[in-house]
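Below, each chain spelled out in residue letters.
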Amino acid sequence: MINASKFSRDRHGVRPVRCWESCACLLLRKERPDVWAAVDCLQDNVTNLGRTPWLQGCLQNIIAPIQNDCGLNESVRTLAHIAGVLDTNSFAVSAADGMSARALYPLLCLMAHDCSPNTNRFFDSAVCGGRRSCRRVGDDEVWECDRCGFRMPAAKVRTLHQMLAMTLGRTLELRDVEKAERWAEAHREVLAENHHFLLEARLLLVDLYAERKEGKLLCHLIESTVLAGDPRQGGTIKENKDFGEPQADAAGQRLRKAMRGIGTDERVIIEILTKHTAMERKMIGDRYKVQFGRDLKEDLKSELGGYFETAALALCEYDSHYLAQWCRRAMKGIGTDEDTLVEILCGCKEDMLMQVDAAYQYIYDRSLEEDIESELSGNIRQLMIALLQGQRAEQEGEPSRDEAKKIAQQLYEAGEGMNGGTDEDEFIRIFATTSYPLLKLTIEEYTVFADNTLENAIEKEFSSHIKKALVTMVLCIKDQVAYFAKTLFEAMDGPGTKDDVLIRILVTRSEIDLEDIKDAFKKTYHKSLADAVKDETKRDYRKILLAIIK
């Protein structure tokens, strides 16, 4: 009998869960040798890839507790092999007496393709062998899905995994409830819901909530092991409670009917795309392919046109993926669209910026930083590369007004107060590394110190794209909602409409703060956002944007 109580009380990581998974798998060898044979042959990151750093962590966090506390007489190699299988593959197995083991959707769930091999059951306990795993192919370090043949370079998977591990590690060290909540919310778009990174973040939140007796994700942690709620209160598109595969199947059937045969029922397409969150739309797309063997986005492309098609396809992407696609578009081909890069990279806070960076690497198998270094030049390149380093200071408690005054003086001396010229490096350093709360206070103190706003000082001291980038950052730090309201107004003001900007902001802010942006727009420009969009658009394109705005 396994003594689970000795390691079940560890609240600070996934060790107890992963120990239990390993133990349950080991028991299969005796009780279900047929099932064990299927598990035993799976790809193993420890013995097959020789991941020495991972093995050291495995020895400390999984193997040692099992040997010391569980009473299982197994070799280190056997235990490492099972832990490696769990780290690499996703599956569910059942043993005798109702015991079950469910892997935590680890490394290879980042392959995330239509077959979704590492987000489904490895095999049904009643029908052994329906394998859904991934294996390495030859000496090329390429992962291949055993079910559909999808391939991805192992280096790409490892890079994504390392980036996520790094940001999570910083979050865990800080033990800050708001940052942990933001990390968990942001990475639900990137990771499968039972990935052990998300589990670590949730365990930290449970620990912190126990200390505070409150927390905005608390009720969802109690209701489920998955962060299933809608923590973003400012969006116009809300999560549908109890949405699952049956609801996704029904939505997919309605979409197929709307696009089959002669003509298209645009009303159904608009309704479904604008009444479901990005996560729900992704599930609808996945189930659409399962039911009909067709790609939803390709069907939409064939049936729709113009900016209506552009908006519909934008709704089929995660925010970070959609923004990453725009970054690529801004740098691909002849010339570079610096304005788009400024809007996305300088208009994002750091958590979304890191998501866009990771999504860019994932989609294009290339570095956003390296592409920016290649396509841009001068100060704007320096600023964007500095922002992508993710080295912004974390704010502990309330920002110091004395520190804000000091930084305001540094900015003044590097700009307006400097005799002949501007110290651009100092501005870039401060804007890329100072915490957002401290920067916000610095902007206030600058006005007092210099008898001038920081925006005006930047307008005077800088030129070209670096000027727009720094002003964008100032506006976003002061009030991000007001910044997006201003950008939407400018996209529709004057002759012509910047439809790409309009779609990009409405879609990517629809689950975050579009309600707040609507309020700010009306307050500032004395006209509702919906009325402004009506005046600038027409037909189904107008209808889908108004459905997003609500």
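Residues numbered from 1 in each chain as written. Predicted model: local features only at pLDDT ≥ 70, side-chain atom pairs only at ≥ 80, totals over all residues. Heavy atoms only, no water.

1. Let's talk about the overall build of the chain
The secondary structure content of the chain amounts to 27 helices and five strands. Among the 550 residues that make up the chain, the fraction classed as buried is 53%. By sequence separation, contacts in the chain at least 24 residues apart represent 68% of the contacts at least 6 residues apart. Counting only carbon and sulfur atoms, one obtains 48% of the accessible surface of the chain, whose full area is about 25100 Å². (Helix = DSSP H or I, 4+ residues; strand = E, 2+ residues; numbered from the N terminus. Buried < 20%, exposed > 50% of the residue type's maximum accessible area, 1.4 Å probe, protein only. Contact = heavy atoms within 4.5 Å. Areas by Shrake-Rupley, 256 points an atom, 1.4 Å probe, with all protein chains shown as cover.)

2. Focus on the side chain of E317
Checked against the element boundaries, E317 lands in the loop between α13 (306-314) and α14 (319-331). The class for E317 is buried, based on a relative accessible area of 14%. A polar contact of 2.9 Å, which involves the side chain of E317, links it to the side chain of K297. A distance of 3.4 Å separates a polar atom in the side chain of E317 from a polar atom in the side chain of Q325. Excluding anything up to four places from it in sequence, E317 contacts A278, K297, Y322 and Q325. (Polar contact = N/O pair within 3.5 Å; in protein donor to acceptor, adjacent residues only side chain to side chain.)

3. Points about the pattern of salt bridges
Applying the stated criterion to the full structure yields 26 salt bridges. Residue K297 pairs with E317 through a salt bridge whose shortest N-O separation is 2.9 Å. Taken together, the residues K297 in helix α12 (residues 296-303) and E317 in the loop between α13 and α14 connect sequence positions 20 residues apart. Looking at K297, the relative accessible area reads 31%, which means it is partly exposed. Between E459 and K467 there is a salt bridge whose closest N-O contact spans 3.6 Å. With a relative accessible area of 42%, E459 lands in the partly exposed category. Judged by its relative accessible area of 24%, K467 falls in the partly exposed class. (Salt bridge = Lys/Arg side-chain N within 4 Å of Asp/Glu carboxyl O.)

4. Considering the layout of surface pockets
Where empty space is left becomes clear once a probe the size of a water molecule has been rolled over the atoms. Roughly 1200 Å³ of internal volume is contained in the second largest pocket. Lining of the second largest pocket is provided by 37 residues; of these, R182, K349, E350, D351 and Y436 occupy positions nearest its centre. Every element with two or more residues in the lining of the second largest pocket is listed here: α5 (154-174), α6 (177-187), α16 (350-364), α21 (436-450) and α23 (464-492). It is α6 that contributes the most residues to the lining of the second largest pocket, eight residues altogether. (1 Å grid on protein atoms, 1.4 Å probe; cavity = no way out; pocket = protein on both sides within 12 Å on 5 of 7 lines; lining within 4 Å. Points joined across faces, edges and corners; volume = space filled by probe spheres on them.)

5. As for helix α26 (residues 529-536)
The complete set of buried residues in α26 reads L529, A532 and V533. In an axial view of α26, the angular spread of the buried residues amounts to 95°, which keeps them on one side of the axis. In this structure, the buried side of α26 is in contact with α23, α24 (499-508), α25 (514-525) and α27 (539-549). (Arc of directions from axis to C-beta.)

6. A short note on the nonpolar core
Counting residues in each nonpolar core, the largest one holds 105 residues, and the members touching the most others are F431 and L545. Examining the composition of this core, we find that 15 residues originate from one element, α23, more than from any other. Apart from the residues lying within four places of it in its own chain, the contact partners of F431 are L387, R392, L411, L439, L454, I458, L470, M473, V474 and I477. Counting residues in each nonpolar core, the second largest holds 13 residues, with L168, A180, F197 and Y209 among its members. (Core = buried A, V, L, I, M, F, W, Y, C linked by side-chain atoms within 4.5 Å.)

7. A short note on the packing of α26 against α27
Between α26 and α27, the shortest axis-to-axis distance is 10 Å and the interhelical angle comes to 170°. Classified by the interaxial angle, the pair formed by α26 and α27 is roughly antiparallel. Of α27, the residues touching α26 (which contributes L529, A530, V533 and K534) are R542, L545, L546 and I549. Split into classes, the residues belonging to the contact of α26 with α27 amount to six nonpolar, no polar and two charged. (Axes fitted to C-alpha atoms, helices over the stretch in contact; angles between N-to-C directions. Parallel < 35°, antiparallel > 145°, perpendicular 65-115°, else oblique. Nonpolar A, V, L, I, M, F, W, Y, C, P; charged D, E, K, R; others polar.)

8. Here's the deal with the confidence of the model for the chain
Chain-level pLDDT for the chain is 75 on average; 66% of the residues reach the 70-or-more range. Low pLDDT, under 50, characterises residues 48-54; the stretch is placed with 17 contacts to residues that sit more than four places away or in other chains. Below pLDDT 50 for its whole length, residues 90-106 participates in 70 contacts with residues either more than four positions away or in separate chains. (pLDDT = per-residue confidence, 0-100.)

9. Some remarks on the side chain of T274
Its place among the elements puts T274 in helix α10 (residues 266-274). Reaching out from T274, the side chain makes a polar contact with the backbone oxygen of I270 at a distance of 2.6 Å. With sequence-adjacent residues up to four places away left out, T274 is seen in contact with I237, L315, I544, A547, I548 and K550.

10. Thoughts on helix α20 (residues 424-433)
For α20, every residue scored as buried is listed here: E426, F427, I428, I430, F431 and A432. For α20, the elements touching its buried residues are α18 (378-388), α19 (401-414), α21, α22 (454-461) and α23.

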